Amino acid sequence: MKKELKVRILSSVFYGIFFGVVLTIVGSILNNGRIVCENFPMQFISSTVISTFMGMLIPGGMISSVITEKITKPGTVLYKAIFNSILMVIILLYMCPLMTIFYGCVIGGASIAAVLPGMFSMAPAFWVVCVLLLMIVGDSIMNLAIRIAIGKM
């Protein structure tokens, strides 16, 4: 298997886990005012699987990189901020509808017409939290994927 493919798969899995945890916690707090422990495993697994699968299908990092390099130079804090901001917009464009439909329709039994109007209601909070966290741990997640893919772990 090519190293680039290994990195893409591993980074999708690791970021999927990261987003699974963060989106589940933030979503639970926004919806319920607290983390609902009995729902956490199912919500974490579903958001992790969806995030991982979509991360392999949609090259969000590549798209973010191309756009960000037109604005500023790589290696700066501004680059990381813009890159992570664009990446989160891309991720939330598919995660919000997919997770809303999954939780509202599949789990909750609501009609799709009932859940669609509110599908992006939590996106601003998710965006803020995830961009800030990615500024702190995003490079470490990617470096871990690269180190494992090239066999230096």
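Presented here is a report on the structure given in the accompanying data block. (Residues numbered from 1 in each chain as written. Predicted model: local features only at pLDDT ≥ 70, side-chain atom pairs only at ≥ 80, totals over all residues. Heavy atoms only, no water.)

### Some details on the pattern of salt bridges
Next up, step 1: One pass over the structure, following the stated rule, counts one salt bridge.
Next up, step 2: With a shortest N-O distance of 3.3 Å, D139 and K80 are connected by a salt bridge. Taken together, the residues span a long stretch of sequence, with D139 in helix 6 (residues 123–149) and K80 in helix 4 (residues 77–107) at a distance of 59 residues. (Salt bridge = Lys/Arg side-chain N within 4 Å of Asp/Glu carboxyl O. Helix = DSSP H or I, 4+ residues; strand = E, 2+ residues; numbered from the N terminus.)

### Things to note about the layout of surface pockets
Next up, step 1: By volume, the largest pocket amounts to about 800 Å³.
Next up, step 2: Along the walls of the largest pocket sit 30 residues, with Y15, G61, M62, F83 and M142 positioned nearest its centre.
Next up, step 3: Mapped by element, the contributors of at least two residues to the lining of the largest pocket are helix 1 (3–32), helix 2 (40–57), helix 3 (60–69), helix 4 and helix 6.
Next up, step 4: Along the lines of polarity and charge, the residues of the lining of the largest pocket split into 14 nonpolar, 12 polar and four charged.
Next up, step 5: In this structure, the second largest pocket occupies an estimated 410 Å³ of space.
Next up, step 6: Together, 23 residues line the second largest pocket, and N31, M99, Y103, M122 and F126 are the ones closest to its centre.
Next up, step 7: Looking at the lining of the second largest pocket, the elements that each hand over two or more residues are helix 1, helix 2, helix 4 and helix 6.
Next up, step 8: Take the lining of the second largest pocket: its biggest share by element is seven residues, from helix 4.
Next up, step 9: Residues that form the lining of the second largest pocket fall into these classes: 11 nonpolar, 12 polar and no charged. (1 Å grid on protein atoms, 1.4 Å probe; cavity = no way out; pocket = protein on both sides within 12 Å on 5 of 7 lines; lining within 4 Å. Points joined across faces, edges and corners; volume = space filled by probe spheres on them. Nonpolar A, V, L, I, M, F, W, Y, C, P; charged D, E, K, R; others polar.)

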